[in-house]
Amino acid sequence: MAAHLKKRALAEYGSQVQVIEPPGKRLKLSLLKKTPQASDTVYVGLLENCKTSNEALQVLLRIPDSLQLKPEDFSSTIKKLYDHFNQQNESAVRAKILALFCTIGQMPDADVELITDYVMKLVMKETSHKVIAQGLMAVLALSKLLPPTSLTITKIFNVAKTFLKDTNHYVKRICLQLIGSLNVGDNTRLIADFIYSQDARVRCAAMETLVMLHENGEKLDVSLYSDVCAALDDDYEIVRDVVLKIVCYLGNTYAENQVKVPKSDKKSRLIDDAFAKICQAVNDLSMGVRHTAMKLLGTMLGVSMDCLTQTLDKKLMSDMRKKKSLHERSSEIVTSGEWSTGKKWADDAPKELLHKDEVSVFSNGACGAFVQGLEDEFMEVRSASVDALCALAIAHPEFAVLSLDFLVDMFNDEIEEVRIKAIDSLTSMSHHIVLREHQLETILGALEDFSIDVREGLHRMLAACVLSTKDCLQMCIESLLDNLKKYPQDKKSTWRCVKEIGRKHSDLTLPLVPKLLGIHPFFDTPEPDVEDPHYISLLILVFNAAQNCPTMLQLFEEHTVKHYSYLRVTLPALVPHLTLPESVDFLEPASTDAGAQLLWRLVESLSVARPGMIQSVLPQLDTLAKIDSSIAGPAQFITMFISCQILLGKILKDRLWCSNAATTIQGNAIKNNLTQLLSLCLKMQYLFVGLEKDELAAVKQFQLKALALHLVYIVKASNLSALALCDHFVNKVEQTQKFLMENRVVPNEFCKGVLNVMSTLEDAKPGAVARCLQPLLANVTMIQPPKPNIKVRMCHAFLNGPTTSPDAPLKFTAGLVMAVQLDAEIFGLKDPLTLRLRVHYPDHQTHFSVPAASHLRPVNDEGDYRLLTQALVSHSVWSEACYVEISLCIELSEGDMTQRAHYGVDPYLELCKPLKLYVVPKPIKRGI
């Protein structure tokens, strides 16, 4: 049995050797290349051998999957399909052949006009509605590929006009769509004849074609207005939905045309009449029609103020007829001489008789349209109503004042999206309105909303609006401070809000200064804590108001002036420059280039500095980065590059990197230094945005130097295996060489030596590589740091969360999950997909999670984001409360993730200081 298996294995091995011989391989590849090209002609040829329609249909279904035709094969393939079409009796097969014509016509180098002529010839002889419809769809797709001056377009138009007489609704719809897309002459009247079709689908298609003509630049005739308005009462919502668009387009196009008001001698503007008719659709039974009506109302900016006013009043209109007072009606009776004698039946009946169909329980015309839309049961309609109301209010300042109360009421909507849209709309129209006390009371009540988006939207709105009285300002400030006490995470948004409020309301703030700052005319009051967010909010308000009110400066006490000097340094974006008699003046840079010039002078001084003096430059660079944020990125990059060189020199100086350490402490020290050096190299590679090719080349070459040092240390000073490290180093050498060649960067002395040495090695074994690298590392010298551009930024983040203390820890049931609300600002993030949320527990367990993409909101195009998410904390019972650390980090790429196992480097780079939360899991309470 064993001999049989051995013989069989040898036979199989021999057959495999024959398959991979070069001649056989070339032959197989040549066959594979020819097969797809020959399959089309094979499939088309198989149609002639098909005996049944089902077989022909199966062949036709396979052709599009392998459709690859040469330019010389187009005519023959089309001819065969044309002949087979005439031979088939099954409509499904004929329809599939026409679809195949369309597919072939859309291929490159295809003769579209020829194929379109073939399709039209076949369609003209066809009797099946299904096949005709498929043919017209193919013609519609092919017509978009024809040039506008082609004569074939006129033929297509005539074919479409011919089939408009077809009895099938689907054929008519395609013909109407085809006519609308061709733009051959004025076809408005031709299409308008079909808006009275018995089939609702045909009526809808005719309306959609008119909309298409209007969007393509063809002006619709105003005579269509009466016919189109009659279709507003259609029984089918698909028709009513499209008709509203045509009414809106005609109203905007012929705004000043006069139309007669029904049952009256008066006339009105066409846009006003169209506006009123669209407003009537707000009471439609279909949500889609109501949504379309509200969207269209926002586009009719030329409507008169009378119509706009009626949209906010639910009182019944009289179809724009002039109402007569009681005195006028009595006067007419007296002057006419007609009195009721009582001898005739109903001789005192009113002369204006109303028909039962003329009485409606719904609002007529534009009456209460926006009131109805804002109270609709569907969120989509309410949202569209808010948008339309905002658009019309911006165009009509008087209407903005009238609609203010209605928009303020939408702040209490049950849907968060609608509330945010109402807040943003009121912010957009804020330059037209002045907030009163009763309106402000409703607005400030929305500050209690749990959603941070709603609260920050309200802050932006209050900052943009104008308050009417001193009491309004006081009410606003008190509500903002109470809200800040409940939601401390809104601190920055609140400060930006009070800054704008103070700047716009200097005259209203002046009488409130003694109360806001606690100034007493006779007694000295205690000095408030300048770190208190509430007190800082009041100072920001007062200082910005004092910018436009010099009288206010005389009211400030001594400690207020000192606090101004402090806040002017710590919050320069929120506190303006004021001229106070006892304030501490600090120098502000006269030009934005002063910090950059100082930085470049420091970098140039490093070229002549001694090694011992280089380290003294680091504190200066750190201070410069903190003072001037515009050059913080370049300063941090240079600082990190110099730190790497100092650490490298420290390792090379000990000579323990190439020999066994005498003690364990020395061995651990050199190992920790190497790990720290590799971590700094990864930070320079991943945390900086905007580096140019010279800076990237310097980072990659220095990283190669650090990897070479680590490889020599493992080979010479430890007993660990270096095979994986050697392979990784060789790959890095190849990647660095490729990068330098592509960007035409000259390598430094060390990198040039490594490339020369590695090119001479026949076998890159760890021992041989280490022996070649050791003399190169022994001769390494300090190099000049690269001079980065001013746009370089370092990725960092600020993480805000709940504040805890040993007296007030966060409690949750052990084994369950507690969600911690986090608000983070991230600057200079390269790839949002690498962002991770780290939770570190007291028992050294660490959990990583990926924030949801919807929680990460871009602030600008420079890689700045805001993260609003939740950190999930869960653990078993602890004996006492401990700190849980939450932070943001970046995950390295898959290629650098291997360094965790080989180099001991953490594959996650921290972006911010950890947020420490005092947490205590409670034990589960068991029932009796």
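Residues numbered from 1 in each chain as written. Predicted model: local features only at pLDDT ≥ 70, side-chain atom pairs only at ≥ 80, totals over all residues. Heavy atoms only, no water.

Draft legend 1. Highlighting helix H15 (residues 287-297). For H15, every residue scored as buried is listed here: Val289, Arg290, Thr292, Ala293, Met294, Leu296 and Leu297. Contacts from the buried residues of H15 go to helix H13 (237-253), helix H14 (270-280), helix H18 (369-374) and helix H19 (379-395). If you check the start of H15, you find a side-chain oxygen 3.4 Å away from the backbone N of Gly288, and it comes from Ser286. (Buried < 20%, exposed > 50% of the residue type's maximum accessible area, 1.4 Å probe, protein only. Helix = DSSP H or I, 4+ residues; strand = E, 2+ residues; numbered from the N terminus. Contact = heavy atoms within 4.5 Å. Polar contact = N/O pair within 3.5 Å; in protein donor to acceptor, adjacent residues only side chain to side chain.)

Draft legend 2. Highlighting the nonpolar core. Among the nonpolar cores identified, the biggest contains 173 residues, and Phe101, Phe275, Leu426, Leu462 and Phe556 are the most heavily contacted of them. With 10 residues, helix H28 (residues 533-546) is the largest single contributor of residues to this core. Ignoring sequence-local partners within four residues, the contact set of Phe556 consists of Leu517, Val542, Phe543, Ala546, Val561 and Leu580. Core analysis: the next-biggest nonpolar cluster, separate from the first, contains 89 residues, Cys644, Leu711, Cys726 and Leu829 among them. (Core = buried A, V, L, I, M, F, W, Y, C linked by side-chain atoms within 4.5 Å.)

Draft legend 3. Structural context of the sheet that holds strand S5 (residues 796-800). Strand order in this open sheet of four strands is S5-S7-S11-S10, and the pairing throughout is antiparallel. Two strands bound the open sheet, and with one partner strand each, they are S5 and strand S10 (856-858). Looking at each pair of strands side by side, their axes are set apart by 20° on average, direction ignored. Here nine bridges tie strand S7 (residues 818-827) to strand S11 (residues 865-873), and the two strands are oriented antiparallel to one another. Bridge assignment links Gln821 to a residue of S11, and that residue is Gln870. (Pairing = 2+ DSSP bridges. Axes fitted to C-alpha atoms, helices over the stretch in contact; angles between N-to-C directions.)

Draft legend 4. Fine view of the pattern of salt bridges. Scanning the entire structure with this criterion turns up 27 salt bridges. Notably, a salt bridge pairs Arg240 with Asp284, separated by 2.7 Å at the nearest N-O pair. Of this pair, Arg240 sits in helix H13 while Asp284 is found in the loop between H14 and H15, placing the two residues 44 residues apart along the sequence. Its relative accessible area of 12% is what places Arg240 among the buried residues. Asp471 is the salt-bridge partner of Lys470, the closest N and O atoms lying 4.0 Å from each other. A relative accessible area of 40% places Asp471 in the partly exposed class. Salt bridges sharing partners connect three or more residues here, namely Glu256, Arg269 and Asp272. (Salt bridge = Lys/Arg side-chain N within 4 Å of Asp/Glu carboxyl O.)

Draft legend 5. Quick look at the pairing of strand S12 (residues 882-891). Burial analysis of S12 places seven of its 10 residues in the buried class, the great majority of the element. By the bridge criterion, six bridges tie strand S8 (residues 835-840) to S12 in an arrangement that is antiparallel. In the strand pairing of S12, Val839 is matched with Ile886. Across five bridges, S12 lies against strand S14 (residues 915-922) in antiparallel orientation.

Draft legend 6. Representation of the packing of helix H23 (residues 452-464) against helix H24 (residues 470-486). Packing of H23 against H24 brings their axes to within 13 Å, and their N-to-C directions diverge by 155°. By the criterion of interaxial angle, the relationship of H23 to H24 is roughly antiparallel. Of the two elements, H23 crosses H24, and the hand of that crossing is left-handed. Counting all contacts with H23, which are made through Arg455, His459 and Leu462, the residues of H24 involved are Cys476, Leu480 and Asn483. Taken together, the residues of the contact of H23 with H24 sort by class into three nonpolar, two polar and one charged. (Parallel < 35°, antiparallel > 145°, perpendicular 65-115°, else oblique. Left-handed = near helix turned anticlockwise from the far one by under 90°. Nonpolar A, V, L, I, M, F, W, Y, C, P; charged D, E, K, R; others polar.)

Draft legend 7. Quick peek at the packing of aromatic side chains. Following the criterion strictly, the structure yields 10 aromatic pairs and no others. With 5.0 Å between their ring centres and 65° between their planes, Tyr82 and Tyr118 make a pair best called edge-to-face. Pair noted here: Tyr82 is in helix H4 (residues 74-87) and Tyr118 is in helix H6 (residues 112-124), with a separation of 36 residues, a long-range link. A residue is classified by how much of its surface remains accessible, and Tyr118, at 18% relative accessible area, is buried. Taken together, a centroid distance of 5.2 Å and an interplanar angle of 80° make the contact between Phe543 and Tyr564 edge-to-face. With Phe543 in helix H28 and Tyr564 in helix H29 (residues 558-570), this pair connects stretches of sequence that are 21 residues apart. Residue Tyr564 is classed as buried on the basis of its relative accessible area of 4%. The side chain of Lys121 reaches across the aromatic face of Tyr118, ending 5.9 Å from its centre. (Phe/Tyr/Trp six-rings, centres within 6.5 Å; stacked < 30°, edge-to-face > 60°. Lys NZ or Arg CZ within 6 Å of the ring centre and 35° of its normal.)

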